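Commentary on secondary and tertiary structure
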Amino acid sequence: MVSSHSFVRIHCFSEYVCFITAKGEIWCIGKDEQRATKKAELPNVCSGYDLPGNAAIGNQWLIFTGDASFVFLPATGELSRAPASWNIPGAEIITDNCGNYCAYNKTGHLYYIQAKTGEVMSFRLMPEEKVQLIDKERYHVVRDSRGILWISTYGNGFYTYDLHTGHLSHFKADDTRSSVLLSDELLYMMEDRSGSIWIGADHTGVSHLKMVDKISDLFYPEPQGEDKILYKNNVRTLASLSDGDIYMATRNGKVYLYDSTFSQKKYEKEYVSNVYSVCEDTAGVLWQGMRGGGLRVGNRLWLHHADNPASLASDDVYSLLRDRKGRMWVGTFGGGLDLALPDGKGGYIFRHFFNDSYGQKRIRMLVEDRNGWIWAATSDGVFIFRPERLLADEQAYYHYNRQNGNLRSNEIRHLLQDCNGNLWIAEAGAGFSICKPGDDYARLRFSHYGVSDGLVNDMIQAFAEDSKGNIWITTEYGVSCFDVSSKTFLNYFLSMQMLQNVYNETSALALPDGRILMGSNDGVTVVDPSRVNTDRRIPSVTFTDLRLNGVSAGSSGTERLFEKSLPYTSSVQLDYSQHSFTVYFSTLDYSAIVPPRFTYQLQGYDKGWSVPSVLPWGTYKNLPPGTYKLHVKACNSFGQWGDDYTTLEIVIVPPFWRTGGHLSFICSC
């Protein structure tokens, strides 16, 4: 036994228990020993405040004092100065969820020490000026199931460090790239069993980050940086060339060529104007359509000249198409449709079509279907024509738009023909339509889908078909995958950074290996559909709160209406004066990529189910006395609803003068 000593630190090794006193004395006792013995003494230790932290690395005890670091060996009692990598004077210690140590010493640096090997990684997390503004450093470190370290700070947001790649990322509340945080003063982080990250902040509550990076990766043509003004990673154009190479163009005028596996860059080039479309002619010459820069054919440039009616109709070339007979069609944004005709001198003249209206002149996309008809996506709907007929008669086309009741928007941003010959039409602000062309192009039929059907966003930018025939849909915010067999959606936000969830029109490409490239405002999202886990379970609903006049009926300081908490209550009785209330509900499933949608019905009052909504509450006002049953159900990420629902009985008791006993008393008088 040891008496008359004030022990402030202790650690248990396999064969020894070691103590440190407030004066810096190190005592040990073996597992077969009866008394502890003094083994060593730390210099310059006067109290427990001089011993801020310690860590066990194998059979070594790493001890930090106010001005130095030491290593103590319990087996021999030897005390020595720590090696340079462990010399962190004044270090305080926390541990992550894997038992590794994190040391910090009021410098803004965090030292991550592997408990088994003693390997150290150093991170500069807090600028010196911010360290001086806070009373003490506060960090929390979590290693998630993907091998990523999440490090929260108090005053500088949080960091992620990929242990596989060595990539460090920083996220702050005022970061324009992200909408993750409301405060930089963070206190706690954790990973739940679904892989989501939860962040506790001072004064602003809890943030929830749903991580879905298991199905996707991010690719940047240029090194990342904070400056977004030059659009160096804003990918506008993606295309596959005849030899399998992948063509990419960004909004700052750069063009890149990669091999067919998208793993090796072959070359890059820079133009004054952005490239919006590419196509190869029958001779293998590359045609590049520019926004504001005309048409580049090989090394020659073709521009619009007002005094030359045979010149290009507009310098804004948004789409290029080589039809099955080798003719080259040019879709301009503002000048209509051009057909490039050889001039016999090695160049081209241009014949013009679609110049009757403002919307008709604005062509974004050209697609040739299986029957040899060409579809033109414009700002006035879709124009469909047989090339031979249009050449003979410039009015020989069919027109489908919102005014004639066939489409829901005139602004068509993208077209795709799938493996079954269906045409997919992106209608800006109205979702999309699907058309199966038959023999009669004058009477085509369209099926419509939008947000109300489960689509993540009605502002569609592009389509891409995967190897299973499902359609991936990029939008102005988020991605949807449409299951063509069940006609349901699975929705994704594939990045924590806002700009990487904002996609560009017509910028999507399916690769031969099954992956899909999606051009965003900050890089390319590379999705592997084979890694998607499609959970089709219908979530159950739990009632979470009942509020009267905005006050929870189960909160302290108010008259409680039920003995158990609401999730465990099947019936609630209200006074006749409590005839207006709001009931809150939840799926309690925070693994969902997008919020669940609910529908509810108050049996005895409502005539049908409410319009589905993401709002997790239902409000009723001035209900007459009676017995009601509130039914609520939710749909899954595919928009599928089950037959089961959760029920809460709500009884509004009538006033005593309307009860039968009181009326009998009145009559007897």
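Structure report, in brief. (Residues numbered from 1 in each chain as written. Predicted model: local features only at pLDDT ≥ 70, side-chain atom pairs only at ≥ 80, totals over all residues. Heavy atoms only, no water.)

1. Observations regarding the overall build of the chain
Helix and strand content of the chain: four helices and 55 strands. Against the 2.2 N^0.38 benchmark of 26 Å for 669 residues, the chain shows a C-alpha radius of gyration of 34 Å, more extended than a compact globule. For the chain, the spread of C-alpha atoms along the principal axes amounts to about 110 × 100 × 40 Å. When each of the 669 residues of the chain is scored for burial, the buried share is 51%. Long-range pairs, those at least 24 residues apart, make up 47% of the contacts in the chain with a sequence separation of at least 6. As displayed, the chain offers around 31,700 Å² of accessible surface, 49% of which is attributable to carbon and sulfur atoms. (Helix = DSSP H or I, 4+ residues; strand = E, 2+ residues; numbered from the N terminus. Rg over C-alpha atoms; globule rule 2.2 N^0.38 Å. Buried < 20%, exposed > 50% of the residue type's maximum accessible area, 1.4 Å probe, protein only. Contact = heavy atoms within 4.5 Å. Areas by Shrake-Rupley, 256 points an atom, 1.4 Å probe, with all protein chains shown as cover.)

2. Some remarks on the pattern of salt bridges
Close approach of charged atoms allows side chains of opposite charge to pair. The full count for this structure, using the stated rule, is 23 salt bridges. Taking the shortest distance from any N to any O, the salt bridge between E505 and R236 comes out at 3.5 Å. Note that E505 is positioned in strand β45 (residues 503-510) and R236 in strand β21 (residues 235-240), a separation of 269 residues in sequence. When sorted by exposure, E505 lands in the same class as R236, which is buried. Note that D440 and R443 form a salt bridge whose closest N and O atoms lie 3.0 Å from each other. Using a relative accessible area of 35% as the deciding quantity, one classes D440 as partly exposed. You can call R443 exposed: its relative accessible area is 64%. If you follow the salt bridges from partner to partner, you end up with D323, K325, R327, R386 and E388 in one network. (Salt bridge = Lys/Arg side-chain N within 4 Å of Asp/Glu carboxyl O.)

3. Comments concerning the side chain of E280
Considering the arrangement of structural elements, one finds E280 in strand β25 (residues 274-280). Put simply, E280 is tucked away with no salt bridge, and the nearest opposite charge, on R322, sits 6.2 Å away. A polar contact of 2.7 Å, which involves the side chain of E280, links it to the backbone nitrogen of S242. Aside from chain neighbours lying at most four places away, what touches E280 is L241, S242, V285, L286, R322 and M328. (Lys, Arg positive; Asp, Glu negative; His and termini not counted. Polar contact = N/O pair within 3.5 Å; in protein donor to acceptor, adjacent residues only side chain to side chain.)

4. Focus: the sheet that holds strand β13 (residues 139-143)
Taking strand neighbours across the sheet as the criterion, the four strands line up as β13-β14-β15-β16 in an open arrangement whose pairing is antiparallel. Because the sheet does not close on itself, it has two edges, and the strands there are β13 and β16 (168-171). Adjacent strand axes in the sheet meet at a mean angle of 15° when their direction is disregarded. Of the strand pairs in this sheet, strand β14 (residues 148-153) and strand β15 (residues 158-162) are connected by five bridges, and their pairing is antiparallel. Of the residues in β15, the one forming a bridge with S152 is F158. (Pairing = 2+ DSSP bridges. Axes fitted to C-alpha atoms, helices over the stretch in contact; angles between N-to-C directions.)

5. Notes on unusual backbone geometry
Look at F354: it is not a glycine, yet its phi comes out positive at around 55°. Tracing the backbone shows F354 in the loop between β32 (348-353) and α2 (358-361). One non-glycine residue, T506, lies in the positive phi region at around 60°. T506 sits in the buried class, given a relative accessible area of 15%.

6. Comments concerning the sheet that holds strand β18 (residues 197-201)
The strand order β17-β18-β19 describes an open sheet built from three strands, whose pairing is antiparallel. Both edges of this open sheet fall to β17 (186-191) and β19 (205-209), since each of them pairs with a single strand only. Here the average twist between neighbouring strands, direction ignored, is 20°. Pairing geometry for β18 and β19, over five bridges, is antiparallel. Across the sheet, the residue bridging to G200 is V206, located in β19.

7. Brief notes about the packing of aromatic side chains
A complete count under the given rule lists 43 aromatic pairs for this structure. Ring centres of F354 and F385 lie 5.7 Å apart, and the angle between their planes is 80°; this geometry places the pair in the edge-to-face category. Note that F354 is positioned in the loop between β32 and α2 and F385 in strand β35 (residues 381-385), a separation of 31 residues in sequence. F354 gets classed as buried once you look at its relative accessible area, which sits at 3%. When the centroid spacing of 5.1 Å and the interplanar angle of 40° are considered together, the rings of Y477 and F493 count as tilted. Here Y477, found in the loop between β42 (471-475) and β43 (479-483), pairs with F493, found in the loop between β44 (488-492) and β45; they are 16 residues apart in sequence, far enough to count as distant. What makes Y477 partly exposed here is its relative accessible area of 30%. Looking at F493, the relative accessible area reads 22%, which means it is partly exposed. Over the aromatic face of Y154 sits the side chain of R138, whose NZ or CZ is 4.4 Å from the ring centroid. (Phe/Tyr/Trp six-rings, centres within 6.5 Å; stacked < 30°, edge-to-face > 60°. Lys NZ or Arg CZ within 6 Å of the ring centre and 35° of its normal.)

8. Here's the deal with the nonpolar core
Among soluble globular proteins, nonpolar side chains are generally buried collectively. One finds I26, L42, W61, I63 and F72 to be the most contacted residues of the largest nonpolar core, which totals 29 residues. When residues of this core are traced back to their parent elements, those giving at least two are β2 (16-21), β3 (25-30), β5 (53-57), β6 (60-64), β7 (69-73), β10 (101-104) and β11 (109-113). Element by element, the count of residues in this core is highest for β6, at four residues. With 23 residues, the next largest nonpolar core counts L566, L574, Y628 and I650 among its residues. (Core = buried A, V, L, I, M, F, W, Y, C linked by side-chain atoms within 4.5 Å.)

9. Considerations on a nonpolar patch on the surface
A contiguous nonpolar patch, built from L187, Y188 and M190 and spanning about 280 Å² of accessible area, is present on the exposed surface. With respect to the helices, strands and loops of the structure, L187 is situated in strand β17. Note on L187: relative accessible area 41%, which makes it partly exposed. (Patch = residues over 30% accessible without salt bridge, like charges linked within 9 Å, V, L, I, M, F, W, Y side chains within 5 Å.)

10. Focus: the pairing of β44
Summarising burial for β44: five of the five residues are buried, a large majority. The two faces of β44 match: T488, L490 and Y492 on one face and F489 and N491 on the other face are all buried. Counted between consecutive antiparallel strands, the loop separating β43 from β44 contains four residues, among which K487 sits at a positive phi close to 55°.

11. A look at the environment of R193
When you line up the elements, R193 lands in the loop between β17 and β18. Overall, the relative accessible area of 90% leaves R193 in the exposed class. For the pair formed by R193 and G604, sequence separation is 411 residues and the distance between their alpha carbons is 40 Å.

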